[in-house]
Amino acid sequence: MMRNEKTHFYGYLQNPAGHIVAIVSEQPVASWSVDYNLGYMDPSPHWFMGHRIESLNLDLLNALPLPERHPQDLYELSPGEKMEWTISFVDVESSEDLEKRVASAADIREAFPGRGKGQENTGIFRPAVQQAP
């Protein structure tokens, strides 16, 4: 789950065993995308199209149009202009800690409307809790 906001970016990745890594930036990110594997034959001759994520791409700048929620001013870098992003990868021990860890990694408490420090998880993030066999 990834989420672009006009003022910041946050999200998480979770592997089949349940390990969670949050991604957060106090600076806005223009957009994101996911690349999937091309697929595999198993058993032959049956072709299964890709379903495994190979990469997550964060587009710091991207051409317009972008969805309304995304920042609308990150489409070009003018001559001499400088931009800086800090992107943090945060290890999260349990899904119950996800929102707290994201909010504390960057000052983005507004990502969780109506919540102050220390309030319980509202379920904005809903990672799977099943463990791999």
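Residues numbered from 1 in each chain as written. Predicted model: local features only at pLDDT ≥ 70, side-chain atom pairs only at ≥ 80, totals over all residues. Heavy atoms only, no water.

Undergrad: Can you break down the side chain of His 70 residue by residue, with the values?
TA: Structurally, His 70 can be placed in the loop between strand 7 (53–59) and strand 8 (87–92). A distance of 2.7 Å separates the side chain of His 70 from the backbone oxygen of Ala 30, its partner in a polar contact. In this view, His 70 contacts Asn 4, Lys 6, Ala 30 and Ser 31; residues no more than four positions away in its chain are not counted. (Helix = DSSP H or I, 4+ residues; strand = E, 2+ residues; numbered from the N terminus. Polar contact = N/O pair within 3.5 Å; in protein donor to acceptor, adjacent residues only side chain to side chain. Contact = heavy atoms within 4.5 Å.)

Undergrad: Any chance you could break down the nonpolar core for me, citing the residues and the numbers?
TA: Counting ten residues, the largest nonpolar core consists of Tyr 10, Tyr 12, Ile 20, Ala 22, Val 24, Val 90, Val 92, Leu 98, Val 102 and Ala 106. At the level of secondary structure, the elements contributing two or more residues to this core comprise strand 2 (9–14), strand 3 (20–25), strand 8 and helix 1 (98–105). Examining the composition of this core, we find that three residues originate from one element, strand 3, more than from any other. (Core = buried A, V, L, I, M, F, W, Y, C linked by side-chain atoms within 4.5 Å. Buried < 20%, exposed > 50% of the residue type's maximum accessible area, 1.4 Å probe, protein only.)

Undergrad: Which residues make up helix 1, and what are the values?
TA: Every buried residue of helix 1 is accounted for by Leu 98, Glu 99, Val 102 and Ala 103. Buried residues of helix 1, seen end-on, are gathered within an arc of 120° and therefore sit on one face of the element. Every exposed residue of helix 1 that faces more than 90 degrees away from the buried side is listed here: Lys 100 and Ser 104. The inward-facing, buried residues of helix 1 abut strand 2, strand 3 and strand 8. (Arc of directions from axis to C-beta.)

Undergrad: Give a description of the sheet that holds strand 1 (residues 2–4) that names residues and reports values.
TA: Backbone hydrogen bonds are what pair the strands of a sheet, in a parallel or an antiparallel way. Spatially, the four strands line up as an open sheet ordered 1-2-3-8, and their pairing is antiparallel. The outermost strands of the open sheet, each flanked by one partner alone, are strand 1 and strand 8. With direction set aside, neighbouring strand axes in the sheet form an average angle of 15°. In terms of strand pairing, strand 1 meets strand 2 through three bridges, oriented antiparallel. Across the sheet, residue Met 2 finds its bridge partner in strand 2, namely Gly 11. (Pairing = 2+ DSSP bridges. Axes fitted to C-alpha atoms, helices over the stretch in contact; angles between N-to-C directions.)

Undergrad: Would you mind going over the pattern of salt bridges in detail, with residue names and values included?
TA: Enumeration over the complete set of coordinates arrives at three salt bridges. Salt-bridge contacts for Arg 3 lead to Glu 5; the nearest nitrogen and oxygen are separated by 2.8 Å. The buried category is assigned to Glu 5, whose relative accessible area is 16%. The partner of Asp 97 in a salt bridge is Lys 100, with the nearest N and O atoms 3.9 Å apart. (Salt bridge = Lys/Arg side-chain N within 4 Å of Asp/Glu carboxyl O.)

Keep in mind these values describe shape, not function.
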